[in-house]
Every structure is written in C-alpha cells, then in structure tokens.
Amino acid sequence: MSQLTKREKTKNRYRALARKGDRLEGPGIWCTCPMGKEKQVIGELHDVLESLAEELWPKAVQPIKNDAGSSDEDIDDEDFEKALANELSAMKKPKTNERRLNLTNTDCYRFDRKFCNMAYQAEGADTIDSMLDLMRRLPPTRIEENVFALTQLVPDAADEFLGSVDQPLKTKMDKATGREYLTCDYNRDGDSYRSPWSNEYDPPLEDGTVPSTKLRKLEIQANDAFDSYREMYYEGGVSSVFLWDLDDGGFAGVVLLKKNLKPQSAAAASGSWDSIHVFETAERGRHAHYKLTSTVMLQMVAGKSTGEGESKKAGEWSKTAEDNVDLSGSMTRQAEADAPISDQSSHIVNVGRMIEDMEIKMRNLLQEVYFGKTRDIVFELRSVDSLEKQRRQRDLQKELVGMMSRNKSS
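Residues numbered from 1 in each chain as written. Predicted model: local features only at pLDDT ≥ 70, side-chain atom pairs only at ≥ 80, totals over all residues. Heavy atoms only, no water.

### Focus on the overall build of the protein
Which entries qualify depends on this criterion: By the criteria applied, helices consist of DSSP H or I runs no shorter than four residues and strands consist of E runs no shorter than two, each listed in order from the N terminus. Throughout this description, buried means an accessible area under 20% of the type-specific maximum (1.4 Å probe, protein chains only), exposed means over 50%, and partly exposed covers the range between. Should any heavy atoms of two residues lie within 4.5 Å, those residues are counted as being in contact.
Along the backbone of the protein there are 10 helices and 12 strands. Counting every position in the protein, which comprises 410 residues, the buried fraction comes to 25%. When contacts within the protein are restricted to residue pairs at least 6 apart in sequence, long-range pairs at least 24 apart make up 53% of them.

Here is the structure:
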C-alpha cells in the first residue's frame with residue numbers, strides 16, 4: 001500500500017470533517033482561511049484573542065519589594081548574584097497556560113463563503129443596509145420569497161426591514177362598501193389591513209390605528225381625486241390613498257396604483273404595474289414643503305409562438321419558463337417641492353401634480369432608456385431578417401454605389 005502524501009492526508013482530514021455534517025460539535029470559534037495558511041492564521045487568531053483578553057481583563061502589576069530594612073545600596077555583590085540566579089531560573093520554568101477567555105455553550109456551525117460574507121456585513125455594517133443591498137441583487141420576481149427568507153434569518157430587524165422594502169401590491173375587497181382597495185405595509189396593523197373606503201380593518205381590529213377626524217376627511221377627498229386620476233391614465237386598475245398624522249404636527253401619506261394586464265388569449269402577454277408614492281407634508285405658514293419618494297414596479301412576461309408540428313395547436317404560446325421573456329424590475333426616485341396652500345384641499349392638488357409629473361418622467365425613462373436599450377441589444381445580438389435577405393441588400397447597396405461612382409466619373 002502506497003504511502004499517502006501530505007496533501008492527500010490533508011484532503012482526507014477535511015473530507016472526514018465534512019462527512020460529519022454541517023454541524024460541528026462543541027463550543028469555539030470557526031475560522032476559515034486559504035489552504036496552506038492554517039498555522040499563520042491560528043497564530044494571528046491567538047494574538048487577537050490575547051490582545052482582547054488583555055484589554056478586557058488586564059493583569060494586576062505586582063510591586064517589587066525588597067527585604068525589610070534593606071535598600072539598593074545595602075545589597076552586596078553576593079546578594080546580587082543570588083537575585084540574578086533566581087531570575088534566570090524563573091525564566092527557564094515553563095509558562096503556565098492561563099485561561100483568559102471563558103468558553104460558552106454556543107454551538108459552532110459551518111457556513112459557505114456567501115453566507116459568511118453576508119453575516120459579516122450584517123454584523124460589521126448596518127443590518128438593514130446589508131439586507132436591502134442583498135435584495136437589490138436577487139430576482140425581482142421573487143420579492144415575497146426573498147423577504148420572507150431574510151426575515152427568518154434576522155427576525156429582530158423584521159419590522160424595520162418590511163417597512164423599507166416595497167413589495168407588489170395586493171388587492172382586497174371591502175365588505176362594507178363592496179369596493180376593492182390595495183394593501184401594503186402603510187395600511188397594515190398586525191395582520192389586519194385598513195380600507196380607505198370604510199376606515200375599518202379586515203380582519204376586524206378594535207384598537208387599530210386610524211387618522212384623525214380632520215385628516216380622515218382629507219383622505220376621503222384624496223381617494224376620490226386619485227380614483228379619477230387612475231381612470232384617466234390607467235383606464236382600469238385599483239387605487240388607494242392612506243394618510244396618517246406625524247408627531248411634529250404635519251402628516252404623511254401614500255398613494256397606491258395598480259394595473260394588471262391579463263392575457264386575453266394564449267398568444268397575449270401578461271404583466272402588472274405597481275406605483276407606490278410616499279409623501280410627507282410640513283406646513284410653513286401659507287406654504288407647505290413636500291417630500292416625495294416614488295417607486296414603480298413593472299413586470300412583463302411574453303412568450304414565443306410555437307410553429308406547426310411543435311405543438312398540438314399551431315400558434316400556441318409556450319408555457320415553459322425557458323421560452324418566455326420576463327422583463328421585471330423596480331425604479332425609485334425622489335423629489336422635493338414647495339407650494340402655496342389656501343386650505344386642506346390644496347394639499348391634494350399639490351401632491352397630485354408632483355405624482356403626475358413623477359410618473360410621466362419615470363414612464364418615459366422606462367420606455368426610452370430601459371426598453372430602448374434592451375431593444376437595441378437584442379437587435380444587435382439577433383437579426384430579425386434572414387441572412388439571405390441581408391446579403392441581397394448588401395449586394396444591392398454595393399451595386400448602387402458603383403453606379404453612382406461611374407456616373408460621377410463620366
């Protein structure tokens with residue numbers, strides 16, 4: 001039997017640890033490092049722990065005492081030689097291994113590099129910022145699944161995280177009025193959602209948060225105004241407006257707009273448009289200062305039509321995810337403005353004008369920049385015309401150029 005090399009022994013040792021499972025028994029600190037740097041990293045880790053122990057639990061300095069009734073001048077040469085010999089013998093004695101750090105009962109788990117980096121960022125930087133940064137890198141079509149997974153990983157930051165992430169709007173029916181309204185984190189109290197039409201929570205909630213009487217009247221007017229706005233711009237869909245009082249005397253609110261594109265046939269595309277406009281109002285005499293944060297979430301799914309022989313029905317759109325084109329994403333923009341006010345209804349006019357301008361800008365930006373750039377890239381990668389047609393066009397172009405050059409020369 002051939003003798004194993006040092007590298008093979010190391011691999012076998014790591015494989016043996018891996019076969020025990022992801023859970024490593026016993027308390028301790030799990031540290032990862034590149035292969036071949038184990039000794040160096042262990043030494044550096046010891047130095048870090050020792051420096052931390054010295055900082056937390058410094059050793060008491062024992063004062064040096066001479067024999068009673070003696071001084072440095074009274075020590076003769078013989079006593080100096082004895083003291084030097086005692087000091088040398090003390091240096092040769094093995095050092096006692098004092099435990100400076102107490103072990104805990106915390107279990108040690110093995111993580112891969114991706115989750116280690118995420119945990120390091122969550123501990124070293126702000127947890128919410130790290131979670132939001134991770135959400136921006138995950139597929140936008142799976143926002144709800146990703147939000148649920150992150151709230152399970154960091155339950156202490158769930159409330160603040162849910163208030164910072166915009167999720168696709170959902171529709172509920174007001175049982176009292178029979179009208180639809182949109183649900184989000186701004187009209188949620190526990191597991192109940194407040195309707196802007198009846199001002200009641202579903203499921204019923206006795207001590208649910210509701211706006212003041214003055215602000216409730218403004219909320220009703222705002223819902224009627226943006227319902228007309230939705231009908232003119234979206235020609236369907238659902239809209240909802242929710243307002244709440246602020247501690248400084250002002251108020252804030254959110255305007256929600258949603259439109260679903262339901263496929264009329266198997267060869268039609270589907271999608272949804274969600275607009276979330278959060279604004280804050282601060283009155284300053286006869287003027288008011290508005291801060292607006294607008295988020296648009298767009299999802300469009302289009303498939304390709306299969307040819308004859310590829311499906312039972314000619315022209316049927318593919319149902320598989322590999323054959324569909326999914327254009328999904330979100331965009332957030334902010335704006336501030338000052339506007340005059342004469343009464344409470346002036347806030348609806350001012351906020352409505354800001355939201356209208358913001359939606360026009362974001363819609364044009366999506367159409368001209370994002371969709372336009374995507375179209376250019378697709379057309380550069382794949383030609384719609386056949387290669388034979390392109391070859392004939394190039395030949396015709398060369399022929400025309402040649403005829404023009406001959407006419408000029410003659």
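### Let's talk about a nonpolar patch on the surface
Selection criterion: Patch definition: residues above 30% relative accessible area lacking any salt bridge, with like charges linked at up to 9 Å and the nonpolar side chains Val, Leu, Ile, Met, Phe, Trp and Tyr linked at up to 5 Å. Residue-level accessible areas treat just the shown protein chains as cover; the underlying method is Shrake-Rupley with a 1.4 Å probe. What counts as a salt bridge is simple: a side-chain nitrogen of Lys or Arg found within 4 Å of a carboxyl oxygen of Asp or Glu.
A surface patch of nonpolar side chains, amounting to about 290 Å² of accessible area, comprises Leu52, Leu56 and Trp57. Note that Trp57 resides in the loop between helix 2 (38–56) and helix 3 (77–92).

### Let's talk about the confidence of the model for the protein
Under the convention used in this document: Looking at any residue, its pLDDT shows the predictor's confidence there, from 0 to 100.
For the protein, the mean per-residue pLDDT works out to 77, and 73% of the residues sit at or above 70. pLDDT under 50 marks residues 14–24. Its contacts with residues more than four places away, or in other chains, come to 11 contacts.

### Comments concerning the sheet that holds strand 12 (residues 325–340)
Put simply, the rule is: Paired strands, as defined in this entry, are two strands with at least two bridges between them according to DSSP. To get an axis, fit a line to the C-alpha atoms, keeping to the stretch in contact for a helix; angles then go from 0 to 180 degrees between the N-to-C directions.
One open sheet holds the five strands; their spatial order is 8-9-10-11-12, and the pairing between them is antiparallel. Both outer strands of the open sheet, strand 8 (238–245) and strand 12, are each paired with one neighbouring strand and no more. Shown here is a sheet whose adjacent strand axes are inclined to one another by a mean of 10°, direction ignored. Docked against the sheet, helix 9 (residues 345–381) engages strand 9 (251–261), strand 10 (270–284), strand 11 (287–302) and strand 12, running at close to 145° with respect to strand 12.

### Brief notes about the packing of aromatic side chains
Heads up, the rule is: The aromatic pairing rule takes the rings of Phe, Tyr and Trp, using the six-membered ring of Trp, and pairs them if the centres are within 6.5 Å, calling planes under 30 degrees apart stacked, those over 60 edge-to-face and the rest tilted.
Summed over the entire model, instances satisfying the criterion amount to four aromatic pairs. Pairing Tyr186 with Trp244 gives two aromatic rings, centres 5.5 Å apart and planes at 10°, and the pair type is stacked. With a gap of 58 residues between them, Tyr186 in the loop between strand 4 (180–183) and strand 5 (188–189) and Trp244 in strand 8 connect regions that are remote in the sequence. Accessibility expressed as a relative area gives 24% for Trp244, which makes it partly exposed. Cluster of aromatic residues (ring-pair linked, three or more members): Phe226, Tyr229 and Tyr233.

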